[in-house]
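The chain contents come next:
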Amino acid sequence: MNRFEGKTVLVTGGNSGIGLAAAQAFAAEGARVVITGRDETSLAQARASLGANAIAIRNVAGTVAAARELAQSLVDADIRLDAVFVNAGVAKLAPFTDIDESTWDETFAINVKGPYFQIQSLVPILNEGASIVLNGSINAHIGMPMSSVYAASKAALVSFAKTLSAELLPRGVRVNVVSPGPVTTPLHDKLGLGDEMGAQLQSQIPLGRFGKSSEVAATVLHLASPESGFIVGTEIVIDGGMSQL
């Protein structure tokens, strides 16, 4: 399939994990892909895997200035967008009693303020019929210990999908959310989940395994394509039944 032939797609945090899997899937279906990330080495490696037309821009998500800078870089390159996967995020798990202000501020800056102002900055260069997909989490719906701040930040994205859809529909832009459950990614490894906690999480998944980044990417592509044109302001949960059964 070449659903994205002649289209340009932006994937924030596209240098690893789910973001990279989505970027590679978009590229495989003909898209010119723009990825962002903060680590220059992994960003260069990711760009090389996406073909000659791919563009990599170093951008540290989480501030209004960074959001504006990314949008301006695209304007300067005369790029307009047909789809955006807002994927850049951070997850820091800790007991409620141990959460400090810096953890709260960093999480909400990267997971909430960053996406909000990034979308605001990109609106002028979105083509008619463009699709925005936000990367949420099932933590917005379950009471997993040590996830209070992270879960709250992801719940905000579910709300954004509804309110921003209502505001952007007159421009022909749809906003939706994918909310993965436990997925094998570098971010999962960075959380420091030991074998015991990993096994405990896996035991709560009816399918009996962690998800794959490629499985999330497939749903991102569906929501970004015209075939999902009647899906607006919706959250699709991808968790092997963990929050459903």
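Each chain has its residues counted from 1, running along the sequence as written. Per-residue local features are limited, in this predicted model, to residues with pLDDT of at least 70; the limit for side-chain atom pairs, both in listing and counting, is 80 or more; totals at the level of whole chains, interfaces and linings are taken over all residues. Hydrogens and waters are ignored; side-chain quantities use all the structure's heavy atoms.

Our focus in this paragraph is the UniProt feature "domain: Ketoreductase" (unreviewed entry) in the chain. UniProt positions are given in the numbering used here, feature names are shortened, and annotations may be inferred rather than shown by experiment. Using the residue numbers shown here, the UniProt feature "domain: Ketoreductase" (unreviewed entry) corresponds to residues 7-181. From the first C-alpha to the last, residues 7-181 spans 29 Å; its make-up is 44% helix and 21% strand. Think of it this way: any DSSP run of H or I at least four residues long counts as a helix, any run of E at least two long counts as a strand, and we number them from the N terminus.

The term salt bridge refers to a side-chain nitrogen of Lys or Arg lying within 4 Å of a carboxyl oxygen of Asp or Glu. Taken as a whole and judged by the stated rule, the model has 5 salt bridges. The salt bridge involving Glu29 is made with Arg3; its shortest N-O contact spans 2.8 Å. Of this pair, Glu29 sits in the loop between helix H1 (17-28) and strand S2 (32-37) while Arg3 sits in the segment before strand S1 (8-11); the two residues are 26 residues apart in sequence, bridging distant segments of the chain. A relative accessible area of 23% places Arg3 in the partly exposed class. Working definition: with a 1.4 Å probe on protein chains only, accessible area under 20% of the residue-type maximum means buried, over 50% means exposed, and in between means partly exposed.

The next subject is the side chain of Asn139. Its place among the elements puts Asn139 in the loop between strand S5 (126-135) and helix H5 (148-168). A relative accessible area of 10% means that Asn139 is categorised as buried. One polar contact links Asn139 to Ser137, side chain to side chain, over a distance of 2.9 Å. When checking whether two residues touch, look at their non-hydrogen atoms; a contact exists if any pair is within 4.5 Å. Non-local contacts of Asn139, meaning those with residues more than four positions away in its chain, are made with Met144, Ser147, Tyr150 and Ala151. In protein, a polar contact requires one atom able to donate a hydrogen and another able to accept it; more generally it is a pair of N or O atoms within 3.5 Å, and residues adjacent in sequence count only if both atoms are side-chain atoms.

This next bit is on the nonpolar core. Most often, soluble globular proteins have nonpolar side chains that are buried together. By nonpolar core is meant a set of buried Ala, Val, Leu, Ile, Met, Phe, Trp, Tyr and Cys residues that side-chain atoms within 4.5 Å join together. Counting 30 residues, the largest nonpolar core has Leu74, Leu81, Ile132 and Leu134 as the members making the most contacts within it. Put simply, the parts of the chain that give this core at least two residues each are helix H3 (64-76), strand S4 (81-86), helix H4 (101-122), S5, H5 and strand S6 (174-180). The element that contributes the greatest number of residues to this core is H5, accounting for 7 residues. When near neighbours in sequence (up to four residues on either side) are disregarded, Leu134 contacts Phe85, Val86, Ile119, Leu157, Phe160, Ala161, Val175, Asn176, Val177 and Val178. If you look at the next biggest cluster of nonpolar residues, it comprises 28 residues, including Phe4, Val11, Ala31 and Val178.

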